[in-house]
Amino acid sequence: MEDPPGPWQKPRKVTSQPGEDSLNCPLPPGWQSYMSPQGHRYYVNTFTNANGYHTPVTPMHQMEPGHMSLRKPSGDPQSPGSPRVPRRLARESSRTINCVTFPHPDTMQEQQLLKPTEWSYCDYFWADKKDPQGNNTVSGFEILLQKQLKGKQMQKEMAEFVRERIKIEEEYAKNLSKLSQNSLAAQEEGTLGEAWAQLKKSLADEAEVHLKFSSKLQSEVEKPLLNFRENFKKDMKKYDHHIADLRKQLASRYTAVEKARKALTERQKDLEMKTQQLEIKLSNKAEEEIKKARRKSTQAGDDLMRCVDLYNQAQSKWFEEMVTSTLELERLEVERVEMIRQHLCQYTQLRHETDMFNQSTIDPVDQLLQKVEPAKDRELWVQEHKTGDIRPVDMEI
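Residues numbered from 1 in each chain as written. Predicted model: local features only at pLDDT ≥ 70, side-chain atom pairs only at ≥ 80, totals over all residues. Heavy atoms only, no water.

## What to know about unusual backbone geometry
The condition that has to hold: Numbering of helices and strands starts at the N terminus; helices are DSSP runs of H or I of at least 4 residues and strands are runs of E of at least 2. Note on exposure labels: buried denotes an accessible area under 20% of the residue type's maximum, exposed denotes more than 50%, and partly exposed covers the range between, all computed with a 1.4 Å probe on protein chains only.
Positive phi values are uncommon outside glycine, yet Trp 119 reaches one of about 50 degrees. By secondary structure assignment, the location of Trp 119 is in the loop between β6 (100-103) and α1 (121-124). The exposure class of Trp 119 is exposed, given its relative accessible area of 68%. With a phi angle near 60 degrees, Ala 185 is a residue other than glycine that sits in the positive phi range. Looking at the secondary structure, you find Ala 185 in the loop between α2 (140-180) and α3 (190-227).

Below, the structure written as structure tokens:
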């Protein structure tokens, strides 16, 4: 016998020997045993499409032709089409919130996380949540989509920030270049004049470094940030519409279940009333009405079971798509964060390189400043501009 399915599995057929259910009890011909996503065993007749949660009896024990008879252990409730069935029996171990069925907190067994220890999206966004104003509810998937779109907006704003940095670098380089061409102190001479000329040249070199830095920022940081997932918003809408459509289908199935449940209740009341009338007054007409009411009640029970089965199928499909889509959103978020991290690292690397280049432009200035010698400058200047080395003497009489 296979283990019961986890809460994330589809309804599945239970593996068993022909003619036996998973409890090794013989099943009538045509009956198959299945397991719902919530771990409940139910049975389907592949010939008539009749179904129920109780083990079917063999054909010889059926009550009447065309009437689905289910074997009930002592103390168990009756089949959906029988009279006096507890109205909220199917809800005792579960509760439905916004058309999604969850285990009842008072009776639920502990569920194993799909990705334990990872705080994965696929484990923590199944329920709906009230919006900050408390007026409406927001689905867990919509909250994940909002985070994705916010992340895209943050990425765009980072690109705008880098663009402002580029503008500063370009303006700075322009001003440095302009300053390097200034003629102030151009007539300084000697070794100090050489150092001063080198300092002005270093400004031009530094301007070139900052221009290259701004160009690389644009091509290696800003542009990738802007171009990464250009169709991101459109892709997110596809996810949103797909999950929303499945959720609408689930709501429609739930409405059908509630409608069928109400119809069954009415048929059961009618059957119970006619049964009471038969006890008071026996007649062939009353018996015929009883049989007719019983058939309608059975049909209503079958309709309810079919609606519940369709609802469970819709919920299982929504569940599977939720798992697949949330894991994809999780992957996209990891990819986005990693991409931004890499390009910000590229920014810091370019910044370090710029500092190194700037330092290289300053090094020649430092070297020349170390060679500045006032005595040497005086010697060179005197040799070039001297007017005579014979000094005056006293006048004699």
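## What to know about the nonpolar core
Note the cut-off: We define the nonpolar core as a collection of buried residues of types Ala, Val, Leu, Ile, Met, Phe, Trp, Tyr and Cys that are connected through side-chain atoms lying within 4.5 Å of one another. Any two residues whose heavy atoms approach within 4.5 Å are treated as being in contact.
One finds Trp 318 and Leu 329 to be the most contacted residues of the largest nonpolar core, which totals 29 residues. At the level of secondary structure, the elements contributing two or more residues to this core comprise α1, α2, α4 (232-280) and α5 (284-371). Of the residues forming this core, the biggest block, twelve residues, is contributed by α5. Apart from the residues lying within four places of it in its own chain, the contact partners of Leu 329 are Tyr 121, Phe 141, Leu 144, Leu 145, Gln 148, Met 236 and Tyr 239. Ile 166, Phe 213, Val 221 and Met 339 belong to the second largest nonpolar core, which has eleven residues in total.

## Some words on a positive patch on the surface
Inclusion rule: Patches here are clusters of residues that have more than 30% relative accessible area and form no salt bridge, with a 9 Å joining cutoff for like charges and a 5 Å cutoff for nonpolar side chains (Val, Leu, Ile, Met, Phe, Trp, Tyr). A 1.4 Å probe and the Shrake-Rupley method give the accessible areas. Residues count as covered only by the protein chains that appear here. Think of a salt bridge as a Lys or Arg side-chain nitrogen and an Asp or Glu carboxyl oxygen that are within 4 Å of each other. The charge count includes Lys and Arg as positive and Asp and Glu as negative, but it does not include His or the ends of the chains. A charge is said to be at NZ when it belongs to Lys, at CZ for Arg, at CG for Asp and at CD for Glu.
Taken together, the side chains of Arg 267, Lys 291, Lys 292, Arg 295 and Lys 296 make up a positively charged region of the molecular surface. Sorting elements by how many residues they give to the positive patch places α5 first, with four residues. Tracing the backbone shows Lys 292 in helix α5. For Lys 292, a relative accessible area of 46% corresponds to the partly exposed category.

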